[in-house]
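Close look at the chain arrangement
If you want the building blocks of each chain, they are given just below.
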There are 2 protein chains.
Amino acid sequence: MSDTPLPPAVCVLGMGLIGGSLMRAAAPHVPVFGWSPGRDTRAAAAADGFTVAEGLESALRRATETDALVVLAAPVTALPSLLRAIDETAPATRLTDVAGVKSPVAVEVAALAPRARYIGSHPMTGTEHSGWAAGSAGLFADRTWVTTLDEDSDADLWAPIAGLALTIGSRVVPCEADAHDDAAARISHLPHLMAAALAQVGAMGGPLALSLAAGSFADGTRVAATRPELVRAMCESNAEHLIEAMDEALAQLGVARGSLASSGSLAKITSQGYEARTALARRFDDLEPFTLTGGDLVDQLLSVGAVGGYVTGVSGAGGRLSVEAMYPRDE
Amino acid sequence: MSDTPLPPAVCVLGMGLIGGSLMRAAAPHVPVFGWSPGRDTRAAAAADGFTVAEGLESALRRATETDALVVLAAPVTALPSLLRAIDETAPATRLTDVAGVKSPVAVEVAALAPRARYIGSHPMTGTEHSGWAAGSAGLFADRTWVTTLDEDSDADLWAPIAGLALTIGSRVVPCEADAHDDAAARISHLPHLMAAALAQVGAMGGPLALSLAAGSFADGTRVAATRPELVRAMCESNAEHLIEAMDEALAQLGVARGSLASSGSLAKITSQGYEARTALARRFDDLEPFTLTGGDLVDQLLSVGAVGGYVTGVSGAGGRLSVEAMYPRDE
């Protein structure tokens, strides 16, 4: 991976768990600097030896001077004001973000910083902690880093972002923003609401039910212990896809309820649920290495993500990119 | 616990994971013998040094001779034929079972072996494996062993069963069979159906959704990998309570779906889910030791279970039982 493309520099705006971890992970490979609105956060990052800008404007000026990749690592509620500042001070910057919902961010970027060279990111990682002190360089190792593309995207703009994610240990999954948001509704946002509903049905059984709860209840409700404001922020911003996923879940449970009441059988939900869960365990089993090259690279990248594959390497530049991917054997 | 009451002997019918583990766990404390319909199972248990009857009838004759506690550890589908044999050969035996649903078993016992001195059990333990070879003496340590009672139950009949469960390391929760089944629907059976529904909604998102799945989806769907016939057996036999729990879950999700669609808010489900899940984590925090004695012991035992407490010790016999329990401080 010695000629893996990397951004000339990385400017991280928001130095919490994800931003702070990204600074630590990227620093050995590329010049890194950051900014955060919190004075204590800036002081803590500086004390740990990182380059920290005094103000947002100076961070963005420096980003322009160094052709840095600006990474929006702030809460989604802070993105509009950051995008306005970018449009004023670093309008044509390389830009990505780390938000868990991608279409709404793309819409905001197009509206507020339309000249920015933007590719969305979603590093699928985290811990239950937050803040600069909670960060670690290893947070991205063996995790999935989604990059969002559409047919108009520039592969040469994507390559250094993918290269950065690969360099810090992630699998890179390219996909369209809307496809990401549909998937996230199913595998991340819906699970939080199912866990919350299950936790409440358990608690409605009173102290006896809670005292008998064991592994299946503990597993099924674990993410309901996430701070409600975090769950709301991610779920409410993906309402359209989440409502569709909730309707599918309601239909599955409703049909099973009807079957149990009328015929006493749960054959369908149990066998189909078993099939689906075992497919999850086998999801990467039939992938094999495949090299992508040529002019329609963005189309090829999108198809890698769509069929459940991922990118493992990028090399070259300037229209002669070569991409290593894991791709289903039978596609 | 030196004067903890124990049954004079233990006769285990069905030597799979639970029955085989119970034989191993009980053997250091009380004479144990068993029987299983499978010749290979009987041979394996005998080869491991356990006393195994050649036939069901000889096992039951020996149980009568030794006043043994007969433990039904066979699949629930095999219980009627075992109960008929008991009524013929050992009609007044001490009897318990280990099934995950308690009211239906109590009804069968009353119908098919009405003279048996029966107290239901549900040791809440297990692994994903089955059969004699999968058993271990440690399977009951630090787990909950439910004992079912009603107002007509004889505390002196309950005591040696509770004593056996305590001796092999379990917490003993006394409760009514119907209360157990309601709790089990909420904290064990519903979680399996929620996991199955969630797994399917994820799989309906195609390979991209599965490739992005991480911790919240893996946790929320874990028990959907249980063999469907096992899930059906336990859920379908508890249909009445399970339908009620499914209706509550459907209502929770349906209300949240309506709120998200109309106002964009998930405030209620996320905050209530968080409260319920954190209550689970705190469930044993406010219990303190308490001693039960006196004539209304069965009533007191039932109230221990109903308020989320559990039994930690039993001593004495013959109307002079003393029971140590953990009980909520403020009740």
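Okay, so let's go over this structure. (Residues numbered from 1 in each chain as written. Chains lettered and ligands numbered in written order. Predicted model: local features only at pLDDT ≥ 70, side-chain atom pairs only at ≥ 80, totals over all residues. Heavy atoms only, no water.)

Helix and strand content of chain A: 13 helices and 12 strands. By its C-alpha atoms, chain A is 70 × 50 × 35 Å across when sized along the principal axes. Each of the 331 residues in chain A was classed as buried or not, and the buried ones make up 56%. Long-range pairs, those at least 24 residues apart, make up 69% of the contacts in chain A with a sequence separation of at least 6. Looking at chain A as shown, the accessible area adds up to about 13000 Å², and 51% of this sits on carbon and sulfur atoms. Computed over 23 positive and 38 negative side-chain charges, the inter-centroid distance for chain A is 7 Å. (Helix = DSSP H or I, 4+ residues; strand = E, 2+ residues; numbered from the N terminus. Buried < 20%, exposed > 50% of the residue type's maximum accessible area, 1.4 Å probe, protein only. Contact = heavy atoms within 4.5 Å. Areas by Shrake-Rupley, 256 points an atom, 1.4 Å probe, with all protein chains shown as cover. Lys, Arg positive; Asp, Glu negative; His and termini not counted. Charge placed at Lys NZ, Arg CZ, Asp CG, Glu CD.)

Our focus in this paragraph is the packing of aromatic side chains. Tallied over the full model, the rule gives 8 aromatic pairs over all chains. Measuring from centroid to centroid gives 5.8 Å for Phe140 of chain A and Trp145 of chain A, while their planes differ by 50 degrees, and the two rings are tilted. Relative accessible area serves as the criterion here: at 1%, Phe140 of chain A is assigned to the buried category. In this structure Trp145 of chain A comes out as buried when scored by relative accessible area, which is 1%. Seen from the ring of Trp132 of chain A, Arg24 of chain A lies directly overhead, with NZ or CZ sitting 4.0 Å from the centre. Positioned above the aromatic ring of Tyr310 of chain B, the side-chain terminus of Arg171 of chain B is 5.8 Å from the ring centre. (Phe/Tyr/Trp six-rings, centres within 6.5 Å; stacked < 30°, edge-to-face > 60°. Lys NZ or Arg CZ within 6 Å of the ring centre and 35° of its normal.)

On to the relation of the copies chain B and chain A. You can overlay chain B on chain A at an RMSD of 0.0 Å; the transform is a turn of 180 degrees with a shift of 0.0 Å along its axis. Taken together, the rotation and translation describe the operation of a two-fold axis. Across chain B, the smallest distance between a C-alpha and the rotation axis is recorded for Gly220 of chain B, namely 2.3 Å. Both copies contact each other with a shared surface, as 100% of the interface residues of chain B are interface residues in chain A too. (Least-squares fit on C-alpha atoms with pLDDT ≥ 70 in both.)

Let us look at the pattern of salt bridges. Tallied over the full model, the rule gives 28 salt bridges over all chains. Across the pair Glu236 of chain B and Arg232 of chain B runs a salt bridge whose closest N-O atoms are separated by 2.7 Å. In this pair, Glu236 of chain B and Arg232 of chain B are both assigned in helix α10 (residues 228–236), 4 residues apart and thus about one turn of the helix distant. By relative accessible area, which is 23% here, Glu236 of chain B ends up partly exposed. Overall, Arg232 of chain B belongs to the partly exposed group, its relative accessible area being 29%. What emerges from the salt-bridge pattern is a single network uniting Asp182, Arg186, Glu244 and Glu248 of chain A. (Salt bridge = Lys/Arg side-chain N within 4 Å of Asp/Glu carboxyl O.)

Moving on: the interface of chain B and chain A. Every contact between the two is made by 87 residues of chain B and, on the other side, 87 residues of chain A. Counting the surface chain B buries against chain A, the share from its top three residues, Ile187, Leu212 and Arg277 of chain B, is 9%. At the surface where chain B touches chain A, the tally comes to 4 salt bridges. Here Arg257 of chain A ties to Asp247 of chain B by a salt bridge, and the two come within 2.7 Å at their closest N and O atoms. At the boundary of chain B with chain A, the tally comes to 24 residue pairs in polar contact (both at pLDDT 80 or more). Counting residues per element, the side of chain B that touches chain A draws most heavily on helix α7 (residues 177–203) of chain B, at 20 residues. Classifying every residue of the side of chain B that touches chain A gives 53 nonpolar, 22 polar and 12 charged. (Buried area = accessible area lost by both parts, 1.4 Å probe. Polar contact = N/O pair within 3.5 Å; in protein donor to acceptor, adjacent residues only side chain to side chain. Nonpolar A, V, L, I, M, F, W, Y, C, P; charged D, E, K, R; others polar.)

One broad rule of soluble globular proteins: the nonpolar side chains tend to lie buried together. The biggest cluster of nonpolar side chains holds 76 residues, and the ones touching the most others in it are Leu190 and Leu242 of chain A together with Leu190 and Leu242 of chain B. Those residues in contact with Leu242 of chain A, other than ones at most four positions away along the chain, are Ala185, His189, Leu190, Leu193 and Cys235 of chain A together with Leu260 and Leu266 of chain B. Val12, Ile119, Leu157 and Val172 of chain A belong to the second largest nonpolar core, which has 48 residues in total. (Core = buried A, V, L, I, M, F, W, Y, C linked by side-chain atoms within 4.5 Å.)

Take it as geometry only, folks, not as evidence of what the structure does.
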